[in-house]
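Residue-level structure breakdown
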Amino acid sequence: MSKHANKLNEIPFSVLDLSPITAGSTPADSFRHTLELTQLAEKLGYNRFWLAEHHNMPFIASSATSVVMSHVAAGTSKIRIGSGGIMLPNHAPLVIAEQFGTLESLYPGRIDLGLGRAPGTDQGTARALRRDLGSTGDDFPEQLAELRGYFDPSLAQGNPIKAIPGEGLNIPVWLLGSSGFSAQLAGELGLPFAFASHFSPLNTLGALQIYRKAFKPSNVLDKPYAMVALNIITAETDKEAKRLFTTIQQQFLNLMSGNLTPLQPPVDDISEVASSYQLKALEQQLGSSIVGSQQTVKDKLHTFLEESQADEIMAIAQVYDHKARLHSYELLAEITKSER
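- As annotated in an unreviewed UniProt entry, the chain carries the name LLM class flavin-dependent oxidoreductase and comes from Neobacillus cucumis.

Here it is as structure tokens:
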């Protein structure tokens, strides 16, 4: 077993944010809060801060991901800023190369490009994005190869088009996944891999195994590097953390029913607003979530790291109250620094 599985302060912790839109607030509020969270994450020593692309979601403001990335990069100085991720099938690879070439030129040495192969939305919105609805994501390897070729002309396979800015820039490319497809591809290409355990917990260990088994050393990595995204909510007590967590639970209940709304305030007991069937579905969807007091979170993180051997943890806290969200990351940072 690797050494980092026993010491939380020996692996990096990072932040995934969706610029959540809460009931009664506006996207402008969300962007202000996201910047405050990025600045706090930098102060607390988090490794990277990623934003995710979703569309037609009333509770997510980060749809124009590269624009929000620039917003938070401009307000910070050293924390890595990235996409978790850009949904590549929604875009021409050249456009993404130019956007991230621009970001890397503005904020050198700080930009990560995390890529996913899902649309991050529904079919109607995918059509509005001019996405080829006949595509199932199977052409993602070809899109990825084209995109990487814009950064590194030696990979361009004769493509005469240049990404300006973009060409020649060293922008780390990550593959994101919630199943085995991107895990396999990331391993074969020798790229870092990030798994979305925050909404696909049952596939976590299997995907990580696929990635490590398929891994081939590259000019990017000598050995596998796997980051896992987890819902982590930390509060002063287990009871308060569980209460804060009901916002995420309500979000998934609303997604399941098609009742899309901004993030809702927490409730005292999720069983009062969810049926027994819905509670089982929530457990399946959110089963890897780590929720509780500092001691509870610490214990659960140790268990997760022993099982997953993750090289990095990326925490997401979809908390309704902004101050409670900030405090959750403060408490988590204390945990990760406490083992000296």
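Moving on, there is more to tell.
Observations concerning the pairing of strand β3 (residues 80-87)
- Across the eight residues of β3, eight count as buried, placing the element largely inside the fold.
- As defined by bridge partners, strand β2 (residues 48-51) adjoins β3 across four bridges and the pair is classed as parallel. When the sheet's bridge partners are listed, R48 is paired in β3 with R80.
- Remark: the β2/helix α2 (residues 65-74)/β3 crossover connection has right-handed handedness.

Here's the deal with the pairing of β2
- Side chains of β2 alternate between two faces, with R48 and W50 and F49 and L51 buried alike.
- Pairing geometry for strand β1 (residues 13-17) and β2, over three bridges, is parallel. Directly across from L16, in β2, lies its bridge partner W50.
- Between β1 and its parallel partner β2, the chain crosses via helix α1 (residues 27-44), and the hand of that crossover is right-handed.

A few points about the environment of L16
- Looking at the element boundaries, L16 is found in strand β1.
- With 176 residues separating them along the chain, L16 and P192 place their C-alpha atoms 16 Å apart.
- L16 has contacts with W50, A52, G84, H198, A229, M314, A315, I316 and Y329, leaving out every residue within four places of it along the chain.

Side note on the packing of α1 against α2
- Direction vectors running N to C along α1 and α2 enclose 50°, while the axes themselves pass 9 Å from each other. When the axis of α1 is compared with that of α2, the two are oblique. As for the relative orientation of α1 and α2, their crossing is right-handed in sense. Contact residues: F31, T34, L35 and T38 in α1; V68, H71 and V72 in α2.
- Grouping the amino acids of the contact of α1 with α2 by side-chain chemistry returns four nonpolar, three polar and no charged.

Observations regarding the packing of aromatic side chains
- Counted under the stated rule, the structure contains six aromatic pairs.
- With 5.8 Å between their ring centres and 80° between their planes, W174 and Y225 make a pair best called edge-to-face. Here W174, found in strand β5 (residues 173-177), pairs with Y225, found in the loop between α7 (204-214) and β7 (226-234); they are 51 residues apart in sequence, far enough to count as distant.
- Among the residues examined, Y225 registers a relative accessible area of 21% and is labelled partly exposed.
- With a centroid separation of 5.3 Å and 35° between ring planes, the pair formed by F193 and Y211 is classed as tilted. Residue F193 is located in strand β6 (residues 193-196), and its partner Y211 is located in helix α7; the two are separated by 18 residues in the primary sequence. The two residues F193 and Y211 agree in class, both being buried.
- One residue, R117, lies across the ring of F181, its end atom 3.8 Å from the ring centre.

A look at the nonpolar core
- Counting residues in each nonpolar core, the largest one holds 82 residues, and the members touching the most others are Y46, F100, L113, L115, I232, I233 and I313.
- Every residue in contact with I232, bar those within four places of it in the chain, is listed here: I290, V297, L301, I313, A315, I316, A317, S328 and L332.
- Core analysis: the second largest hydrophobic core is formed by 15 residues, W50, M227, L263 and M314 among them.

Brief notes about the packing of helix α5 (residues 140-151) against helix α6 (residues 180-189)
- Put simply, α5 and α6 touch, their axes get as near as 12 Å, and they point 40° apart. Classified by the angle between their axes, α5 and α6 sit oblique to one another. Note that α5 runs across α6; the crossing there is right-handed. Between α5, through F140, P141, L144 and R148, and α6, the contact on the second element is made entirely by F181, S182, L185 and L189.
- Partitioning the contact of α5 with α6 into residue classes produces six nonpolar, one polar and one charged.

What to know about unusual backbone geometry
- Here the amide bond leading from G84 into G85 is cis, since omega sits at 5°, within 30 degrees of zero.
- Within the secondary structure, G85 sits in strand β3.
- Cis geometry is adopted by the peptide bond preceding P165, which originates at I164 and carries an omega value of 0°.
- Positive phi, close to 45°, is recorded for S19, a residue that is not glycine.
- Summarising the element assignment, S19 is placed in the loop between β1 and α1.
- A positive phi angle, close to 60°, is found at N56, a residue other than glycine.
- With respect to the helices and strands, the residue N56 is situated in the loop between β2 and α2.
- With a relative accessible area of 51%, N56 lands in the exposed category.

Quick notes on the rules
Residues numbered from 1 in each chain as written. Predicted model: local features only at pLDDT ≥ 70, side-chain atom pairs only at ≥ 80, totals over all residues. Heavy atoms only, no water. Buried < 20%, exposed > 50% of the residue type's maximum accessible area, 1.4 Å probe, protein only. Helix = DSSP H or I, 4+ residues; strand = E, 2+ residues; numbered from the N terminus. Pairing = 2+ DSSP bridges. Right-handed = clockwise from strand over helix to strand, strands pointing away. Contact = heavy atoms within 4.5 Å. Axes fitted to C-alpha atoms, helices over the stretch in contact; angles between N-to-C directions. Parallel < 35°, antiparallel > 145°, perpendicular 65-115°, else oblique. Left-handed = near helix turned anticlockwise from the far one by under 90°. Nonpolar A, V, L, I, M, F, W, Y, C, P; charged D, E, K, R; others polar. Phe/Tyr/Trp six-rings, centres within 6.5 Å; stacked < 30°, edge-to-face > 60°. Lys NZ or Arg CZ within 6 Å of the ring centre and 35° of its normal. Core = buried A, V, L, I, M, F, W, Y, C linked by side-chain atoms within 4.5 Å.

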